[in-house]
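As a plain string of letters, each chain reads:
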Amino acid sequence: MKYSRAGLWCALAALAVHVLGNAHYGFFRDELYFIICGRHPALGYVDQPPLTPLLAALSQSFGISLFALRVIPAICAAIAAYTACVLAAEFEGGPFAQTIAGLVTIAAPEMMALGFRLSPDSIELCTWPLIALWTLRLTRGADPRWWLAVGALSAVAAWSKYTVVFFAAALLVALLLTPERRALRTWWFPAGALLAAVLILPNFIWQLDHGFPMLQLLQNDYGKFLLKNPPFPLQQIIIMSPLLSIVWLGGLVWLLYVRSTRFLGIAYLALIAIMWALDAKNYYPAPVYPYLIAAGAIPIERWTASRGAWRVAAVAAIFVFAVPSVPFVLPVLPLRTFVAYQETLGHLFNLRFHVDRKAGNNVPIQYYADMTGWPELAATVAGVYRRLPAAERVQAAIFARNAGEAAAIDVYGKRYGLPAALSGNNNYWLWGPRGFTGNVLIDVNGNLRNDRGRFASVQLAVIFRNQYAMPYENDVSVYVCRGIHPSLAALWPKLRNYSYGFEGL
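The structure contained in this document is the topic of the report that follows. For clarity, every value in this text was computed on a predicted model and none was experimentally measured.

## So, the overall build of the chain
Of the regular secondary structure elements, the chain holds 24 helices and four strands. Taken over the C-alpha trace, the chain has a radius of gyration of 24 Å; the compact-globule value for 505 residues is 23 Å, and the two agree within 12%. Based on the C-alpha atoms only, the size of the chain along its principal axes is roughly 80 × 55 × 40 Å. Taking all 505 residues of the chain together, 57% fall into the buried category. Sequence-distant contacts in the chain: of pairs separated by 6 or more residues, those separated by 24 or more amount to 75%. As displayed, the chain offers around 21,400 Å² of accessible surface, 65% of which is attributable to carbon and sulfur atoms. If the 39 positive side-chain charges of the chain are averaged to one point and the 26 negative ones to another, these points end up 3 Å apart.

## Considering the pairing of strand β2 (residues 440-444)
By the criterion of burial, β2 is predominantly enclosed, with five of the five residues buried. Alternating residues of β2 divide into V440, I442 and V444 and L441 and D443, and every residue in both groups is buried. As defined by bridge partners, strand β1 (residues 397-400) adjoins β2 across four bridges and the pair is classed as parallel. Each bridged residue has a counterpart across the sheet, and for F399 the counterpart in β2 is D443.

## Comments concerning the pattern of salt bridges
For side chains of opposite charge, pairing can occur when their charged atoms come near one another. Within the structure shown, the criterion is met by 11 salt bridges. R70 serves as the salt-bridge partner of E31, at 2.8 Å between the closest nitrogen and oxygen. Of this pair, E31 sits in helix α2 (residues 29-38) while R70 is found in helix α4 (residues 66-90), placing the two residues 39 residues apart along the sequence. The burial state of E31 is the same as that of R70; both residues are buried. Look at the salt bridges and you will find they share partners, linking R29, D370 and E473 into a network.

## Remarks on helix α13 (residues 245-257)
In this model α13 runs 18 Å from its N-terminal to its C-terminal C-alpha over 13 residues, within 8% of the 18 Å that 1.5 Å per residue would give. Among the residues of α13, those classed as buried are S245, V247, W248, G251, L252, W254 and L255.

## Focus: the packing of helix α1 (residues 5-21) against helix α5 (residues 95-107)
Direction vectors running N to C along α1 and α5 enclose 20°, while the axes themselves pass 9 Å from each other. Taken as axis vectors, α1 and α5 run roughly parallel relative to one another. The element α1 and its partner α5 pack so that their crossing is right-handed. The residues of α5 that touch α1, namely those facing A6, C10, A13 and A14, are P95, Q98, T99, G102, L103 and I106. Class assignment for the residues of the contact of α1 with α5 results in seven nonpolar, three polar and no charged.

## A short note on the packing of α1 against α4
Each packed pair of helices is defined by two parameters, the angle between the axes and the distance between the axes. One way to put it is that α1 packs onto α4 with a least axis distance of 8 Å and a crossing angle of 155°. Here α1 is positioned roughly antiparallel relative to α4, judged by the angle of their axes. Our pair here, α1 against α4, has a crossing hand that is right-handed. Mapping the contact onto sequence places A6, G7, L8, C10, A11, A14, L15, H18 and V19 in α1 and F67, A74, I75, A77, A78, A81, Y82 and C85 in α4. Looking at side-chain class alone, the contact of α1 with α4 contains 15 nonpolar, two polar and no charged residues.

## Re the nonpolar core
F91, Y289 and Y291 are the most contacted members of the largest nonpolar core, which totals 70 residues. F91 has contacts with L136, R140, W254, L255, T261, L264, Y291, A294, A295, I298 and R302, leaving out every residue within four places of it along the chain. Listed in part, the 42 residues of the second largest apolar core include F27, F34, Y385 and I409.

## What to know about unusual backbone geometry
Look at the link from H485 to P486: it is a cis peptide, with omega at -5°. Within the fold, P486 resides in the loop between β4 (476-484) and α24 (488-491). Residues other than glycine seldom take positive phi values, yet S241 does so here, at roughly 80°. Within the secondary structure, S241 sits in the loop between α12 (232-239) and α13.

## Concerning a nonpolar patch on the surface
A surface patch of nonpolar side chains, about 350 Å² in accessible area, is lined by L201, F204, I205 and L208. Along the polypeptide, L208 turns up in helix α10 (residues 188-209). Accessibility expressed as a relative area gives 46% for L208, which makes it partly exposed.

Criteria and cut-off values
Numbering of residues begins from 1 in every chain and follows the order in which that chain's sequence is written. Given that the model is predicted, a residue must reach a pLDDT of at least 70 before its local features are reported, and side-chain atom pairs must reach 80 or more before they are shown or counted; all residues, however, enter totals for whole chains, interfaces and linings. Here the side-chain values reflect all heavy atoms present in the structure, with hydrogen atoms and water set aside. Secondary structure follows DSSP: runs of H or I at least 4 residues long count as helices, runs of E at least 2 residues long count as strands, and numbering of each begins at the N terminus. As defined in this context, the radius of gyration uses C-alpha atoms, and a globule is described by 2.2 Å times the residue total to the power 0.38. When accessible area is computed with a 1.4 Å probe and restricted to protein chains, residues below 20% of their type maximum are described as buried, those above 50% as exposed, and intermediate ones as partly exposed. Note on contacts: a residue pair is in contact if any heavy atoms of the two residues lie within 4.5 Å. Each accessible area value is a Shrake-Rupley result obtained with a 1.4 Å probe; residue values ignore everything except the protein chains displayed when judging cover. Positive charges come from Lys and Arg alone, negative charges from Asp and Glu alone, with His and the N- and C-terminal ends not counted. Taken as the charge centre is NZ of Lys, CZ of Arg, CG of Asp or CD of Glu, depending on the residue. Paired strands, in this sense, are two strands between which DSSP finds at least two bridges. Basic side-chain nitrogens of Lys or Arg form a salt bridge, by our definition, when they fall within 4 Å of a carboxyl oxygen of Asp or Glu. Given the number of residues in a helix, its expected span is that number minus one, multiplied by 1.5 Å. Inter-axis angles, ranging from 0 to 180 degrees, are taken between N-to-C directions of lines fitted to C-alpha atoms, where helices are fitted over the stretch in contact. An angle counts as roughly parallel when it lies under 35 degrees, as roughly antiparallel when it exceeds 145, as roughly perpendicular when it falls between 65 and 115, and as oblique in every other case. Note on convention: near helix rotated counterclockwise from far helix by under a right angle means a left-handed crossing. Clockwise means right-handed. Note on residue classes: Ala, Val, Leu, Ile, Met, Phe, Trp, Tyr, Cys and Pro are nonpolar, Asp, Glu, Lys and Arg are charged, and everything else, Gly too, is polar. To qualify as a nonpolar core, a set must consist of buried Ala, Val, Leu, Ile, Met, Phe, Trp, Tyr and Cys residues joined through side-chain atoms within 4.5 Å. Patch membership requires over 30% relative accessible area and the absence of a salt bridge. Like charges are linked within 9 Å, and nonpolar side chains (Val, Leu, Ile, Met, Phe, Trp, Tyr) within 5 Å.

Geometry only, nothing functional implied.
So, in structure tokens, the structure goes:
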């Protein structure tokens, strides 16, 4: 078994970069939602397995802390960097190849993004490369009992995000198509698969008991958020940086060329084919890249073996190629400065970012825009709540359009004594109206007020504005609605909205 001293240094570097850089701007809308889901422990949720929400809630055990939450993806990024170095060693790379593998894994934009904010992909960032590493070792004669470890780790990944199923399928197909299939000729392989199935079974049963809401959500959202042009494979080059992609593309070629590693190259091609066919989001395959990067470091090391200056240039190039994209995936600039930086690059290279161009608004990319305004929104809603007469306040419900808004009110609303927020979006719908009649209801950016005759009176209380918000979270109208008919409980079945979308809910 090979280990890597360079990997330890790269892991520490990754940890330092993310610990220092992660905890800025504010919680992303999904992070707030993860925290609230985790405070309702369950074997599953409408739109995700349970691991990420449980970790998110655990990180907030001693109070609201962006730093504590984002230490989790920082650790995942460090593990990924170390594993990339170990993979380079497994490919017979020396210290320089291992260093290149670790640095590119840290610096590639999508890798840095997955290590920045907490998401199910953060867990995959460290589990997929380990699955690849252990599978590679098994093809080279490691103790076949390691299939149990592969099965257990696959289950951990599945408890974070279901896409590991596609990676596992791609690996299996690749093994079956190559001589490395001999690693499967042991009872330990089906034992590992069985272990994974047993560990995943509780979440599967939860989904079954709730009518597979995840499948309903995917069906509802199919095609809504996809970038059709350029094609999916080209999008992979873009999100990993066209210049830094030279490393992993070289790694793909190298893997396919070397007989003993060919199955890993085939697995990548199969994974991309599967996700392209399913119209997956372009970042879904991202956790696979550390092993491609590790492979790409091998030819770089060999080509520069007798040219010390080239090695210095190669390391320098990684930093030079990475620097322009860093502010887009790590909040290292003050937000106002980042907006100016974004605009400058947009004009310089004729790039169009997903921003709001309304007069008076200068919005950062959605990635950052949805990290702004949440405490202020909760404070605004609290102001409306406090202005209600005491008799109304004790029965008032707060209904938000989507899970992000509802979670922000729940996370920050405790300090104001706000009741638990309601929403028809995703897991909030499963939690129901929580005993509120809806006779006095604060409608936050929602649509309950829009149906004629539903309320005896509807009064606009305030409009919340956030100069950095996306259009669907700016000019948020907060209404006080009274005299509901029929009751909120009677309306609840019609309010279900399983969707990742935020507009028009």
